[in-house]
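Residue strings, one per chain:
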Amino acid sequence: MIKETEIVCPPGQQEDESVIIRLAAASLNIQPKSISAVKIVKRSIDARGRKVVYRMQVQVFLDQPYQPEIFTIKYPNVQFSRPVIIVGAGPAGLFAALQCIQLGLKPVVVERGKDVKQRRRDLANINKQGLVNTESNYCFGEGGAGTYSDGKLYTRSTKRGDVNQVLKMFVAHGADESILIDARPHIGTNKLPQIITAMRESVLNAGGEILFDTRVTALLVEFGKMKGVKLATGEKLTSDAVILATGHSARDVFEMLHHQNILIEAKPFALGVRIEHPQEIIDRAQYHCEHRGPDLPPSYYNLVEQVDDRGVFSFCMCPGGIIAPCATEANEIVVNGWSPSKRNNPFANSGTVVQINMEDVPGDNNDPFKMLRFQQQIEHAAFLAGGGKLVAPGQRMVDFVEGRLSNDLPANSYLPGTRSVELKEILPLWIHKRLQKALPVFGKKMKGYYTNEAILVGVESRTSSPVKVPRDKETLQHPQVAGLFPCGEGAGYAGGIISAAIDGINCALATLKILS
Ligand code: FAD
């Protein structure tokens, strides 16, 4: 017999099976010796009360052994199957490729950047010398923007597909099984590259293809039907189905579509700054204690406030993290954040952004590039204010709110360096003012948050795509081009690793309908 119960476990003992058996037995009012095994189904930290505890949903096996699930996937050989071209090897592209194989289709993945190993050198150049390789950076390359990320694996949207299926695919490729039970699963930048490599091996071993350092420069369309893609080398690849999963930073792809008279539309997004605190300030606020101690992980926060009719919210919070320079061109500053699996850096950062509606930005709403140009202008202004080499403009939090230049900046994790600048020089007044109003309110919600020990670093501008590539809700094909499947974050259908992966899976399933 299997019973399910909830237990409350002190920090530090959440992995100890004997403790879990004892607590489960007490909760079910049975003898511990009648339990043959326990399986944790869900686990979360509850820091609402004075004492921080782990809450766990556990399955209790009585007089019955527990058979652990084995997470391996057997892929069929698709070397000689019908090809599906997948442009982009981010989470959307990779999960589309793996799903194609499961459906008996051959994925041909075309990726402008390098494989994870070679990509690392370009990231070192960005961090140490402020040099951006436009084809290989924090956004472009194997695994896409998801590789050197925090690897947070939760999504607000669970309606789009099976989150568990995606998590199990990660486990089958080497992720720790804890991601299946943690309420806020996370992998970390140090572990993601091996997992992405294992996914590549699955694709190649099954007879799929992955072309690195290969940029798609045109779509081949005949009489409204997809026929393949043209590469920067001039070479052509043919297929009746193309999944376009190029991410939100491939501005040349939006230009390419527009140039080919394939409909794209401007869309709202959010923009602001990355805010970094010493991690211990966040721990003190969230865990109500002087020191977190060894038994609790670095804590996170999630803040949101409506200011003058627009949402101001924290986004992509990275406990124990690093602020990353995520520009894809040489003359712009774009920041984001990542953390290693242990989240053991002394800082906590999050994007803190203001929702931007179409009417907030001057210009014609029918201009598909209206929001993108706005994003680009602010990124360029941040670059100029920083003075080059990816040095980012920064301001202390209270100085920002009270409207003065910071005399100096606190120690922070942004490797190319920060320069004291009044951020109102970069941000439009209507974004600046809303952030100014929101930060003291966040300080009231979270003790210690509103402090001059925190730094605001500009700009957090790639929160989601400023362009949408439309598609039919049922067939997932572009309304003008049969066989073109706009996919993932760049096309406007995802906002994070999990949702991009799910969208990749959905697009692969949709290709089968036109290829079979
Ligand atoms: P991308 O991951 O952007 O992949 C697109 C790929 O297409 C790229 O590899 C690019 O090189 C390729 N490409 C573009 N143009 C072409 C072309 N013309 N030809 C060939 N290839 C092309 N999300 C989370 O859920 N959790 C996190 O913790 C998290 N942390 C992040 C940290 C950082 C530093 C960054 C930058 C992002 C983070 N994100 C996080 C966001 C997440 O990475 C993205 O939402 C996700 O990667 C989007 O997936 P995608 O496949 O749609 O696009």
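Residues numbered from 1 in each chain as written. Predicted model: local features only at pLDDT ≥ 70, side-chain atom pairs only at ≥ 80, totals over all residues.

- The name an unreviewed UniProt entry gives the chain is FAD-dependent dehydrogenase, with Mucilaginibacter pocheonensis as the organism.

### Focus on the UniProt feature "domain: FAD-dependent oxidoreductase 2 FAD-binding" (unreviewed entry) in the chain
Right, so step 1: The UniProt record annotates "domain: FAD-dependent oxidoreductase 2 FAD-binding" (unreviewed entry) at residues 84-115.
Right, so step 2: Taken end to end, residues 84-115 is 38% helix and 28% strand, and its two terminal C-alpha atoms sit 21 Å from one another. (UniProt positions renumbered as here; feature names shortened; annotations may be inferred. Helix = DSSP H or I, 4+ residues; strand = E, 2+ residues; numbered from the N terminus.)

### As for the site of the ligand
Right, so step 1: G88, G90, G144, G247 and G488 are the nearest of the 43 residues found near the ligand.
Right, so step 2: Mapped by element, the contributors of at least two residues to the shell around the ligand are α2 (91-102), β16 (335-338), α11 (488-491) and α12 (497-515).
Right, so step 3: Each residue belonging to the shell around the ligand can be placed in one class, and the counts come to 21 nonpolar, 16 polar and 6 charged.
Right, so step 4: Both of domain 2 (83-265 + 476-515) and domain 3 (268-460) provide at least three residues apiece to the shell around the ligand. (Near = placed C-beta within 6 Å. Nonpolar A, V, L, I, M, F, W, Y, C, P; charged D, E, K, R; others polar. Domains from an automatic or database assignment.)

### A closer look at the nonpolar core
Right, so step 1: Within the largest apolar cluster, 133 residues are counted, with the highest numbers of intra-cluster contacts made by A96, V242 and I243.
Right, so step 2: When residues of this core are assigned to their parent elements, the largest contribution, 9 residues, is made by α12.
Right, so step 3: Counting residues domain by domain, this core receives three or more from each of domain 2 (83-265 + 476-515) and domain 3 (268-460).
Right, so step 4: In this view, A96 contacts I86, I243, A245, C487, G504, I505, C507 and A508; residues no more than four positions away in its chain are not counted. (Core = buried A, V, L, I, M, F, W, Y, C linked by C-beta atoms within 7 Å. Buried ≥ 20, exposed ≤ 12 C-beta atoms within 10 Å, placed from the backbone. Contact = placed C-beta atoms within 7 Å.)

### Description of the sheet that holds strand β10 (residues 242-244)
Right, so step 1: On the basis of which strands lie adjacent, the open sheet formed by 5 strands has the order β6-β5-β4-β10-β22 and parallel pairing. In the strand order of this sheet, the two ends are held by β6 (209-211) and β22 (484-486), each with one partner. The mean inter-strand angle of the sheet, taken between neighbouring strand axes irrespective of direction, is 15°.
Right, so step 2: As defined by bridge partners, strand β5 (residues 106-110) adjoins β6 across 3 bridges and the pair is classed as parallel. (Pairing = 2+ DSSP bridges. Axes fitted to C-alpha atoms, helices over the stretch in contact; angles between N-to-C directions.)

### Here's the deal with the packing of α2 against α12
Right, so step 1: Contact pair α2 / α12: the axes reach a minimum separation of 7 Å and the direction vectors enclose 40°. Taken together, the axes of α2 and α12 are oblique relative to one another. When you trace α2 past α12, the crossing you get is right-handed. Of the residues in α12, those in contact with P91, A92, G93, L94, F95, A96, Q99 and C100 of α2 are I497, A500, A501, D503, G504, I505, C507, A508 and L509. (Parallel < 35°, antiparallel > 145°, perpendicular 65-115°, else oblique. Left-handed = near helix turned anticlockwise from the far one by under 90°.)

### Topic: unusual backbone geometry
Right, so step 1: The amide bond that connects G458 to the next residue, V459, takes the cis arrangement and shows omega of -5°.
Right, so step 2: Structurally, the position occupied by V459 is in strand β20 (residues 455-460).
Right, so step 3: In this structure, R343 takes a positive phi of about 50° despite not being glycine.
Right, so step 4: With respect to the secondary-structure elements, R343 resides in the loop between β16 and β17 (347-356).

### Describing the domain arrangement of the chain
Right, so step 1: When its domains are assigned, the chain resolves into domain 1 (2-62), domain 2 (83-265 + 476-515) and domain 3 (268-460).
Right, so step 2: Distance from the C-alpha centre of domain 1 to the C-alpha centre of domain 3: 38 Å.
Right, so step 3: Across the boundary between the two partners, domain 1 contributes 5 residues, which contact 5 residues of domain 3.
Right, so step 4: When its residues are assigned to classes, the side of domain 1 that touches domain 3 shows 3 nonpolar, 1 polar and 1 charged.

### Let's talk about the packing of α2 against helix α5 (residues 192-205)
Right, so step 1: Direction vectors running N to C along α2 and α5 enclose 35°, while the axes themselves pass 10 Å from each other. Taken as a pair, α2 and α5 cross one another with a handedness that is left-handed. Contacts from L94, A97, L98 and I101 of α2 reach α5 at M199, S202 and V203.
Right, so step 2: Per-class residue counts for the contact of α2 with α5 are 6 nonpolar, 1 polar and no charged.

### Some remarks on the environment of R43
Right, so step 1: Residue placement: R43 occurs in strand β2 (residues 35-46).
Right, so step 2: Taking the number of C-beta atoms within 10 Å as the measure of exposure, R43 has 20 and is therefore buried.
Right, so step 3: Each C-alpha atom of the pair R43 and L180 lies 9.4 Å from the other, and the pair is 137 residues apart in sequence.
Right, so step 4: Excluding anything up to four places from it in sequence, R43 contacts Q14, Y54, M56, I181, D182 and A183.

### Some details on the sheet that holds strand β3 (residues 53-62)
Right, so step 1: The strand order across the open sheet built from 3 strands is β1-β3-β2, with neighbouring strands paired in antiparallel fashion. Two strands close off the open sheet at either side, each with one partner strand: β1 (2-9) and β2. Along the sheet, successive strands turn relative to each other by an average axial angle of 25°, direction set aside.

### Observations concerning the environment of V58
Right, so step 1: Of note, V58 is situated in strand β3.
Right, so step 2: By C-beta crowding, V58 is classed as buried, having 24 other C-beta atoms within 10 Å.
Right, so step 3: Sequence separation between V58 and I7 is 51 residues; the distance between their C-alpha atoms is 7.4 Å.
Right, so step 4: In contact with V58, other than residues within four places in its own chain, are T5, I7, I20, A24, V38, K39, I40 and V41.

### Here's the deal with the UniProt feature "domain: FAD-dependent protein C-terminal" (unreviewed entry) in the chain
Right, so step 1: Look at the UniProt record and you will see "domain: FAD-dependent protein C-terminal" (unreviewed entry) annotated at residues 268-463.
Right, so step 2: Secondary structure across residues 268-463 divides into 25% helix and 28% strand, with the first and last C-alpha atoms of the span separated by 10 Å.

### Here we look at the pairing of strand β13 (residues 304-307)
Right, so step 1: Sheet topology places β13 next to strand β14 (residues 310-318); 4 bridges connect them, and they run antiparallel. Following the sheet pairing, V307 is matched in β14 by R310.
Right, so step 2: Linkage of β13 to β14, two consecutive antiparallel strands, is achieved through a turn of 2 residues, within which D308 is found at a positive phi near 45°.

### Quick look at helix α1 (residues 17-28)
Right, so step 1: Relative to the 16 Å expected for 12 residues at 1.5 Å per residue, α1 spans 16 Å between its end C-alpha atoms, a close match to the ideal helical length.
Right, so step 2: Turning to α1, its buried residues are I20, I21, L23 and A24.
Right, so step 3: Against β1, β2 and β3 lie the buried residues of α1.
Right, so step 4: Phi turns positive one or two residues past the end of α1, at N29, with a value near 60°. (Expected span 1.5 Å × (residues − 1).)

### A closer look at the confidence of the model for the chain
Interpretation of this model should avoid reading the predicted coordinates in detail wherever pLDDT is low.
Right, so step 1: Looking at the chain, the pLDDT average stands at 96 and 100% of residues meet or exceed 70.
Right, so step 2: Scoring of the predicted complex yields 0.97 for pTM and 0.99 for ipTM. (pLDDT = per-residue confidence, 0-100.)

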